[in-house]
Amino acid sequence: MSSFLPASLLDLDLHPGRPPILRVEATERAFSWVATHRDALRAVVAEYGSVLVRGLGLRDVAEVGAVVHRLSSTGLMTEREVFAPRRAYADGVYSSTKWPSNQQMCMHHELSYALEFPGLMMFACLNAPTTGGATAVADSPTVLDALPSELVARFEREGWLLTRNYNDEIGASYAEAFGTEDRDAVESYCRANAIEFEWQPDGGLRTRQRRSAVIRHPVTGARCWFNQIAFLNESTLDPEVRDFLVDVYGANALPFNTYFGNGDPVGEDVVQLLNQVYQANTVCEPWQAGDLLLVDNVRTAHSREPFEGPREVIVASADAVRLTDCSPTVQVTAR
């Protein structure tokens, strides 16, 4: 246990297989408690990569919004390049991603395919599911160290490539992903963010973007496995869903897919290996209503387990980080 924590935060549970859990007895409103202990909470995240705060009793979206605004250092982020729709409750405050409840949402770092991404992710549970549904976490430097050195070296050398096909039938449309239906504005965003784009005859949009798979933490300098290679690969899709999409749209028109940076396919064996390493280093704690989870988005990957029953988790991204400040191994040029 860290000696820098004030006495009011010393009830920090550190157990194998679980994230750090901070049990509090908030005798005041959640916002007031967080305002008082903000610096200590952020210090815990800086030391451990994540912390689950239990006992705040968060009750509604308005209260969550006030808390996450107070915890951020440089403000909340408006989402761009989303891969699935979310409901926007307020600026920077969203519902969790609409992903089938019976399917695993694999480990990933939020917006790791963008040139600007959150430094801090915040999740608040207003309604816990009956079973499953935990937001699990994994330490990125540990995952990196556990991967085969040859595979890491290749990804460091080549980076990874994300392809996306936007249409109005599945996943996020380009209007939802880029926040506008104006094609000129979408093209300007793509040029400014090193995204190749091609409009399709049916009005859809196809994009390609190459990014670094390994970066350094902007504060500590630690090397981190930072990407969505496994999560956004076609092998992660349910086989029946993948077969249906290929049959309807074609093998090259899936909503998303990932490749090695030179365009070679990332095989199912590689995806399985990545997910196995993630699984071996995953820690999780079932949600309870009122919980707040803080995650260092560069150091720590997160996932979502399948679940049953209603689940309401509010999400906020904060403290924008530029890829150029993280020693990327692959250089990209915005236009």
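Going by the structure above, here's the rest.
Note that the structure is a prediction, hence the values are computed from the model and not measured. (Residues numbered from 1 in each chain as written. Predicted model: local features only at pLDDT ≥ 70, side-chain atom pairs only at ≥ 80, totals over all residues. Heavy atoms only, no water.)

Colleague: Any chance you could explain the pattern of salt bridges here in plain terms?
Modeller: When charged atoms on two side chains of opposite charge get close, those side chains can pair. Applying the stated criterion across every chain yields a total of 16 salt bridges. Residue Asp 319 pairs with Arg 42 through a salt bridge whose shortest N-O separation is 2.9 Å. Separated by 277 residues along the polypeptide, Asp 319 in strand S20 (residues 312-322) and Arg 42 in helix H1 (residues 30-48) bring together distant segments of the chain. Taking relative accessible area as the criterion, Asp 319 reaches 10% and is therefore assigned buried. For Arg 42, a relative accessible area of 27% translates into the label partly exposed. With a shortest N-O distance of 2.7 Å, Asp 291 and Arg 54 are connected by a salt bridge. With a gap of 237 residues between them, Asp 291 in the loop between strand S16 (282-283) and strand S17 (292-296) and Arg 54 in strand S3 (residues 50-54) connect regions that are remote in the sequence. Residue Arg 54 is classed as buried on the basis of its relative accessible area, which comes to 7%. In this structure, a network of salt bridges that share partners links the residues Arg 18, Arg 54, Glu 285 and Asp 291. (Salt bridge = Lys/Arg side-chain N within 4 Å of Asp/Glu carboxyl O. Helix = DSSP H or I, 4+ residues; strand = E, 2+ residues; numbered from the N terminus. Buried < 20%, exposed > 50% of the residue type's maximum accessible area, 1.4 Å probe, protein only.)

Colleague: Explain helix H2 (residues 61-71) to me, please; I cannot follow it from the model alone.
Modeller: Within an α-helix, residues lying three or four positions from one another point in the same direction, as the helix has 3.6 residues per turn. Taken residue by residue, H2 has Glu 63, Val 64, Gly 65, Val 67, Val 68 and Leu 71 as its buried positions. Residue Asp 60 occupies the N-cap position of H2, its side-chain oxygen lying 3.3 Å from the main-chain nitrogen of Ala 62. (Polar contact = N/O pair within 3.5 Å; in protein donor to acceptor, adjacent residues only side chain to side chain.)

Colleague: What am I meant to see in a negative patch on the surface here?
Modeller: Together, Asp 168, Glu 169, Glu 176, Glu 181 and Asp 202 line one region of the surface with negative charge. Within the element layout of this structure, Glu 176 appears in helix H5 (residues 174-178). Exposure remark for Glu 176: the relative accessible area of 43% places this residue in the partly exposed category. (Patch = residues over 30% accessible without salt bridge, like charges linked within 9 Å, V, L, I, M, F, W, Y side chains within 5 Å. Areas by Shrake-Rupley, 256 points an atom, 1.4 Å probe, with all protein chains shown as cover. Lys, Arg positive; Asp, Glu negative; His and termini not counted. Charge placed at Lys NZ, Arg CZ, Asp CG, Glu CD.)

Colleague: Hey, could you run me through the environment of Leu 274 in this one?
Modeller: In this fold, Leu 274 is placed in helix H8 (residues 268-280). Spatially, the C-alpha atoms of Leu 274 and Leu 115 are 23 Å apart, while their sequence positions differ by 159 residues. With residues near it in sequence (within four places) discarded, Leu 274 still touches Leu 147, Leu 151, Trp 225, Ile 229 and Ala 230. (Contact = heavy atoms within 4.5 Å.)

Colleague: Is there a simple way to explain the packing of aromatic side chains in this structure?
Modeller: Following the criterion strictly, the structure yields 10 aromatic pairs and no others. With centroids separated by 5.9 Å and ring planes inclined at 85°, the aromatic side chains of Phe 83 and Trp 99 adopt a geometry described as edge-to-face. One end of the pair, Phe 83, is in the loop between H2 and strand S4 (88-90); the other, Trp 99, is in the loop between strand S5 (93-95) and strand S6 (105-108), with 16 residues separating them in the sequence. Following the ring pairs from residue to residue traces out a cluster consisting of Phe 83, Trp 99, Phe 231 and Phe 256. Looking at Arg 311, its charged tip hangs above the ring of Phe 307, at a distance of 5.6 Å from the centre. (Phe/Tyr/Trp six-rings, centres within 6.5 Å; stacked < 30°, edge-to-face > 60°. Lys NZ or Arg CZ within 6 Å of the ring centre and 35° of its normal.)

Colleague: Teacher, can you tell me more about the environment of Val 82 here?
Modeller: Position of Val 82 relative to the elements: it lies in the loop between H2 and S4. For Val 82, a relative accessible area of 12% puts it in the buried group. Placed 208 residues apart in sequence, Val 82 and Gly 290 show a C-alpha to C-alpha distance of 26 Å. Each residue touching Val 82, except ones within four places of it in the same chain, is listed here: Tyr 113, Arg 164, Ala 172, Glu 176 and Ala 177.

Colleague: What exactly am I supposed to notice about the packing of H1 against H2 here?
Modeller: Two elements in contact, H1 and H2, have axes whose closest approach is 9 Å; the angle formed by their N-to-C orientations is 30°. Accordingly, the angle class assigned to the pair H1 and H2 is roughly parallel. Our pair here, H1 against H2, has a crossing hand that is right-handed. Contact residues: Ala 30, Phe 31, Val 34, Ala 35, Arg 38, Leu 41 and Arg 42 in H1; Glu 63, Ala 66, Val 67, Arg 70 and Leu 71 in H2. Here the contact of H1 with H2 is composed, by residue class, of 8 nonpolar, no polar and 4 charged. (Axes fitted to C-alpha atoms, helices over the stretch in contact; angles between N-to-C directions. Parallel < 35°, antiparallel > 145°, perpendicular 65-115°, else oblique. Left-handed = near helix turned anticlockwise from the far one by under 90°. Nonpolar A, V, L, I, M, F, W, Y, C, P; charged D, E, K, R; others polar.)

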